[in-house]
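# Chain and residue survey
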Amino acid sequence: MIHVKKDCNNPPAELTDSKWSNIKLDVLTNSDHSAKSKCYRDTTLNELVKLYSNKCACCERSRGEELQIDHYRPKKARNNKDTTYNHLGYYWLTYEWSNLIPLCSSCNQAKSNYFPLKDNDKRITNHLHRYANQAIRLYIYENPLFINPEIDTKPERHFKYLPNGEVKGRTIEGKTMVKFYKLNSRTKKRERRGIIKEYILDIRKALYRYYNSNENNEYLRGSLDTIFEKIIENGKTDKPLSLMHDYIRRFFDKFIENQFKPNMQDRLITLFKDYQNKWSK
Ligand SMILES: [Zn+2]
């Protein structure tokens, strides 16, 4: 998860269209209001997809067509037999731009209408509360265990990535999200592991060519620089799984280097350091 800047005072025209006035009035007066997705379908989803560079707001996988509009605070109440996570619905935020984020179908399904808080007594239950319509104040007041990537300016501090493709929570919020959004589902983990493995495989090919065929050092440097460039380029915030790529760069020894024999490790780390020095200038 990475921070995304959204101008909450400037919602897509579709959301604020006056033809929905009655629907918006109904949501405040009828507790059984069922959301009309026609109010936030086409341009709203397009805006979100653009804002989030085509990625899921939570797992950061590129999902294009599959992205869905999710209500960060669930519009409907949760009424389960197991009451641990039950809550009333945030009905008044059904059509609020600040409450809409794009999720992949897997994260959306896993999240369902959970919305745990650090302290359940702090939950705001109706639209008349003084902070009900102030996204940032509401966030500070309620202290949700699900991070809002538009409000938390450093959501990355809640997570860390491991060389086996797993993601771990570093804070209570991060741990809660890993669990509820199923961030280590087999598919998600396999996808991340696959990317790491591919880098290792490409580097292995380049190193074997060098050691087995009298290739010169500059040629090896050229081949590896192309791979290093890819790792660093993919760490940019508009790229899928940018946070994991940032981990691969910062913990190159753990993710890549220690997959190789000691003599290869030395050469690899020297060339990686050279590349990073060049890149940081
Ligand atoms: Zn996702």
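Quick notes on the rules
Residues numbered from 1 in each chain as written. Predicted model: local features only at pLDDT ≥ 70, side-chain atom pairs only at ≥ 80, totals over all residues. Heavy atoms only, no water. Helix = DSSP H or I, 4+ residues; strand = E, 2+ residues; numbered from the N terminus. Buried < 20%, exposed > 50% of the residue type's maximum accessible area, 1.4 Å probe, protein only. Contact = heavy atoms within 4.5 Å. Phe/Tyr/Trp six-rings, centres within 6.5 Å; stacked < 30°, edge-to-face > 60°. Lys NZ or Arg CZ within 6 Å of the ring centre and 35° of its normal. Domains from an automatic or database assignment. Salt bridge = Lys/Arg side-chain N within 4 Å of Asp/Glu carboxyl O. Polar contact = N/O pair within 3.5 Å; in protein donor to acceptor, adjacent residues only side chain to side chain. Nonpolar A, V, L, I, M, F, W, Y, C, P; charged D, E, K, R; others polar. Core = buried A, V, L, I, M, F, W, Y, C linked by side-chain atoms within 4.5 Å.

We now examine the environment of Arg41. Relative to the helices and strands, Arg41 resides in the loop between α2 (21-29) and α3 (42-51). Since its relative accessible area comes to 45%, Arg41 is described here as partly exposed. Spatially, the C-alpha atoms of Arg41 and Gln68 are 9.5 Å apart, while their sequence positions differ by 27 residues. In this structure, Arg41 is in contact with Glu14 and Ile69, ignoring residues within four places of it in sequence.

Another point: the packing of aromatic side chains. A complete count under the given rule lists 19 aromatic pairs for this structure. Measuring from centroid to centroid gives 4.9 Å for Phe228 and Phe272, while their planes differ by 75°, and the two rings are edge-to-face. In this pair, Phe228 sits in helix α8 (residues 217-233) while Phe272 sits in helix α11 (residues 262-280), placing the two residues 44 residues apart along the sequence. Look at Phe228 and you get buried, because its relative accessible area is 0%. Within the aromatic cluster, the residues linked to one another by ring pairs are Tyr72, Tyr85, Tyr90, Tyr91, Trp92, Tyr114, Phe115, Phe146, Phe180 and Tyr181. Residue placement shows Lys6 over the ring face of Trp97; its charged tip is 4.3 Å from the ring centre.

Partitioning the protein into domains gives domain 1 (13-180) and domain 2 (186-280). Computed from C-alpha coordinates alone, the two centres of domain 1 and domain 2 are separated by 36 Å. Each partner contributes residues to the interface: domain 1 has 20 residues there, and domain 2 has 18 residues. Along the contact surface separating domain 1 from domain 2 lie 2 salt bridges. Among the ionic pairs, Glu166 bridges to Lys189, the shortest N-O distance being 3.4 Å. Where domain 1 meets domain 2, there are 12 residue pairs in polar contact (both at pLDDT 80 or more). Elements supplying a minimum of two residues to the side of domain 1 that touches domain 2: α4 (105-111) and β3 (159-161). In terms of residue count, the dominant contributor to the side of domain 1 that touches domain 2 is β3 (3 residues). Here the residues of the side of domain 1 that touches domain 2 are counted per class, giving 7 nonpolar, 5 polar and 8 charged.

This paragraph deals with the nonpolar core. In terms of nonpolar packing, the biggest core is built from 76 residues, with Ile203 and Ile256 touching the most fellow members. When residues of this core are assigned to their parent elements, the largest contribution, 7 residues, is made by helix α7 (residues 186-212). Domain assignment of the residues forming this core places at least three in each of domain 1 (13-180) and domain 2 (186-280).

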